[in-house]
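Descriptive analysis of the structure
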Amino acid sequence: MGVSGSGKSTVAEELAEKLGIAFIEGDKLHPKSNVDKMSEGIPLTDEDRWPWLDLIGAELHKGRENNGVVVSCSALKKIYRDRLRKAAGGSLAFVYLDGSLELLSRRMGERKGHFMPLSLLQTQLATLEVPTGEPGVVTVSIDATPEDIAKNALAGLKAVTF
């Protein structure tokens, strides 16, 4: 979890591979209307996000029935994370990818073909409720290689208590 440009998809994919479980790209679950809004530089509202979060929650719940699943998702507010926890139907761990505005901006500026414009980074940062102190949350700095970020996340996840 984290704001755009934090490396959610890259790290989640790496984690899923290391854990030998499925990976789901959360952005692909957004309805077209959400993608269209973000592409136009319009921030999403809570009302826009609820159906998307419910789809992610359903995938998390299905993943519990299998061997587990890693899903990339911004989950910017505690209420979103709590909704996902409830939908998962059990314990749910989050990896919060934390980085500076400078690093996030640089990464977003280097991306090609992504619907999320750099102009929405500030609104995401304003919306973000940092998950410090929440159960099952691992905070990892993104100022490293994707492999090292995933390695640090995995080490943190092994120590998670709920």
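Here is what the cut-offs are and how they apply
- Residues numbered from 1 in each chain as written.
- Predicted model: local features only at pLDDT ≥ 70, side-chain atom pairs only at ≥ 80, totals over all residues.
- Heavy atoms only, no water.
- Helix = DSSP H or I, 4+ residues; strand = E, 2+ residues; numbered from the N terminus.
- Buried < 20%, exposed > 50% of the residue type's maximum accessible area, 1.4 Å probe, protein only.
- Lys, Arg positive; Asp, Glu negative; His and termini not counted.
- Salt bridge = Lys/Arg side-chain N within 4 Å of Asp/Glu carboxyl O.
- Polar contact = N/O pair within 3.5 Å; in protein donor to acceptor, adjacent residues only side chain to side chain.
- Contact = heavy atoms within 4.5 Å.
- Phe/Tyr/Trp six-rings, centres within 6.5 Å; stacked < 30°, edge-to-face > 60°.
- Axes fitted to C-alpha atoms, helices over the stretch in contact; angles between N-to-C directions.
- Parallel < 35°, antiparallel > 145°, perpendicular 65-115°, else oblique.
- Left-handed = near helix turned anticlockwise from the far one by under 90°.
- Nonpolar A, V, L, I, M, F, W, Y, C, P; charged D, E, K, R; others polar.

Quick word on the side chain of Glu25
With respect to the helices and strands, Glu25 occurs in strand S1 (residues 22-25). Lys28 is the oppositely charged side chain nearest to the buried, salt-bridge-free Glu25, at an N-O distance of 6.5 Å. For Glu25, the side chain forms a polar contact with the side chain of Ser9, separated by 2.3 Å. In this structure, Glu25 is in contact with Ser9 and Ser72, ignoring residues within four places of it in sequence.

A few points about the packing of aromatic side chains
Inspection of every chain in the model, using the stated rule, returns 1 aromatic pair. With a centroid separation of 5.5 Å and an interplanar angle of 85 degrees, the aromatic rings of Trp50 and Tyr80 are classed as edge-to-face. Of this pair, Trp50 sits in helix H3 (residues 46-65) while Tyr80 sits in helix H4 (residues 78-88), placing them 30 residues apart in sequence. In this structure Tyr80 comes out as buried when scored by relative accessible area, which is 1%.

Here's the deal with unusual backbone geometry
A negative phi angle characterises most non-glycine residues, just as the trans form characterises most peptide bonds. Of note, Ala75 is a non-glycine position whose phi angle comes to about 45 degrees, a positive value. Positionally, Ala75 belongs in the loop between strand S2 (69-72) and H4. Residue class for Ala75 comes out buried when judged on its relative accessible area of 1%.

A word on the packing of helix H1 (residues 8-19) against helix H7 (residues 146-158)
Their axes nearest at 9 Å, the elements H1 and H7 cross at an angle of 60 degrees. It follows from the interaxial angle that H1 and H7 lie oblique. In the packing of H1 onto H7, the handedness of the crossing is right-handed. Here Thr10, Val11, Glu14, Leu15, Lys18 and Leu19 of H1 lie close against H7, whose contacting residues are Pro146, Glu147, Ile149, Ala150, Ala153, Leu154 and Leu157. Its residues assigned to classes, the contact of H1 with H7 shows 9 nonpolar, 1 polar and 3 charged.

Topic: the side chain of Arg85
Along the chain, Arg85 falls in helix H4. A residue is classified by how much of its surface remains accessible, and Arg85, at 16% relative accessible area, is buried. A polar contact of 2.9 Å, which involves the side chain of Arg85, links it to the side chain of Glu134. Ignoring sequence-local partners within four residues, the contact set of Arg85 consists of Gly90, Leu92, Phe94, Glu134, Pro135 and Val137.

Fair warning: the whole summary comes from geometry, so function is off the table for now.
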